[in-house]
Amino acid sequence: MNDFTLLAHNYVRPEVQQIADFTGDSLELAKKAQEVDAGTIVFAGVDFMAEMAAILNPDRDVIHPDPHAKCAMALRIRPSDILETRRRYPDAEVVTYINSSAAIKAVSDIICTSSNAVKIVNSMDADTIIFAPDQNLAAYVAEHTRKELIPVPALGCCPVHHALTVEDIGERIRKYPEAEVIVHPETTPGVQRIADFIGSTSAMIRYVRESKADTILVGTEHGIISRMKLESPGKRIIPASMHLVCPDMKMCTVDRCLQAVKEHGPIVHVDKEVAADARRALERMLEVT
Ligand code: SF4
């Protein structure tokens, strides 16, 4: 049995992805965290991801090499935002995007990722869904289901993806008119409308591998580009904007990971009751998918 397994999100630094035992998107990493043999999981990503690995693995130590690495979108919502909205829509169910804290997951009925959000929302009994915390993913899901979605907070978003504009892509298309455009559903509806493909990070990696196009413009965080180039050599893979960089995703460096292994910490701690409620919502997602 290995003592440590290093899990790394597709957005972390390429050199960290290279030393990781496994890289993937949020759903893949959540599943992987439950499958590995190692006694300790080192999680290179932002806080909610390491928290999630800890919630799903209560008997193992989960180490987050840099606890200051926090998701800016997850910080924009409080449990009271959801509880108040539940009071206003008593018949609604709460679907929460995996990019959220344990406290937010704990007050949700079920969790979703960008790859399964449509399936999860379709699986709900209620016609009205309170959806947290990304307005853009909510808009994407609303377009692909017959449900009414109430985004909470109303203007919640990932500041990195939300900043990508139609003009950014237009500028790139003028330079590379033959290119296909792929974007993440955290981008705005306007950006999604001009894309050839919308998908989670892993779906985007797959798309690049399978596409016949030689040039592809990628509308998501830069960290994914190195993996795409590695898996699809010979293709021209170009960021849709030079500003698609999440500073928090870059905080876990190789040095910090090695230091974390050496010091066996910092270990992620989640309040037991919060963890139990969050686990219920996460496991419901894993059952549906
Ligand atoms: S890219 Fe956006 S959603 Fe992902 S961790 Fe950074 S701020 Fe959060």
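Note that this is a predicted model, so its numbers are computed, not measured.

(A) The arrangement of the packing of aromatic side chains in detail. Overall, the coordinates contain one aromatic pair when judged by the stated rule. Geometrically, the ring pair formed by Phe 197 and Tyr 207 is stacked, given 4.6 Å between the ring centres and 20° between the ring planes. One end of the pair, Phe 197, is in strand β10 (residues 197-198); the other, Tyr 207, is in helix α11 (residues 201-210), with ten residues separating them in the sequence. The positively charged end of Lys 32 is found above the aromatic ring belonging to Phe 22, 4.8 Å away from the centroid.

(B) Geometry of the sheet that holds strand β4 (residues 61-63). Across the sheet, four strands lie side by side as β2-β1-β3-β4; this open sheet has parallel pairing. Each of the sheet's edge strands pairs with one partner strand only, and the pair in question is β2 (22-24) and β4. Each strand axis lies, on average, 25° off the axis of its neighbour in the sheet, ignoring direction. Across the sheet, helix α2 (residues 26-35) touches β1 (4-9), β2 and β3 (40-44), and the angle it forms with β2 is around 145°.

(C) Region of the structure containing the site of the ligand. The local shell around the ligand consists of Val 46, Cys 71, Ala 72, Met 73, Asn 99, Cys 158, Glu 186, Cys 246 and Met 249. In terms of residue class, the shell around the ligand is made up of seven nonpolar, one polar and one charged.

(D) Representation of the domain arrangement of the chain within the structure. Assigned domains of the chain: these are domain 1 (4-71 + 250-269), domain 2 (74-158) and domain 3 (160-245). The straight-line distance from the C-alpha centre of domain 2 to that of domain 3 is 25 Å. Residue-level contacts link twelve residues of domain 2 with twelve residues of domain 3. Carbon and sulfur atoms supply 55% of the area buried between domain 2 and domain 3, which totals about 950 Å² over both sides. Three residues stand out in domain 2 for area buried against domain 3, namely Asn 136, Tyr 140 and Cys 158, and they jointly supply 56% of the buried area on that side. Taken together, the links from domain 2 to domain 3 amount to zero salt bridges. Linking domain 2 with domain 3 are nine residue pairs in polar contact (both at pLDDT 80 or more), by the criterion used here. Grouping the constituent residues of the side of domain 2 that touches domain 3 by class yields six nonpolar, five polar and one charged.

(E) How the structure looks around unusual backbone geometry. A cis geometry characterises the amide bond from Ala 132 onward to Pro 133, with omega recorded as -10°. Within the secondary structure, Pro 133 sits in the loop between β7 (128-132) and α7 (135-144). A cis amide bond, omega 0°, links Gly 265 with the succeeding residue Pro 266. One can find Pro 266 in the loop between α13 (254-263) and α14 (272-288). In this model, His 264 sits at a positive phi of 50°, which is unusual for a non-glycine residue. Following the sequence through the fold, His 264 ends up in the loop between α13 and α14. A relative accessible area of 30% means that His 264 is categorised as partly exposed.

Parameters at a glance
- Residues numbered from 1 in each chain as written.
- Predicted model: local features only at pLDDT ≥ 70, side-chain atom pairs only at ≥ 80, totals over all residues.
- Heavy atoms only, no water.
- Phe/Tyr/Trp six-rings, centres within 6.5 Å; stacked < 30°, edge-to-face > 60°.
- Helix = DSSP H or I, 4+ residues; strand = E, 2+ residues; numbered from the N terminus.
- Lys NZ or Arg CZ within 6 Å of the ring centre and 35° of its normal.
- Pairing = 2+ DSSP bridges.
- Axes fitted to C-alpha atoms, helices over the stretch in contact; angles between N-to-C directions.
- Contact = heavy atoms within 4.5 Å.
- Near = heavy atom within 4 Å.
- Nonpolar A, V, L, I, M, F, W, Y, C, P; charged D, E, K, R; others polar.
- Domains from an automatic or database assignment.
- Buried area = accessible area lost by both parts, 1.4 Å probe.
- Salt bridge = Lys/Arg side-chain N within 4 Å of Asp/Glu carboxyl O.
- Polar contact = N/O pair within 3.5 Å; in protein donor to acceptor, adjacent residues only side chain to side chain.
- Buried < 20%, exposed > 50% of the residue type's maximum accessible area, 1.4 Å probe, protein only.

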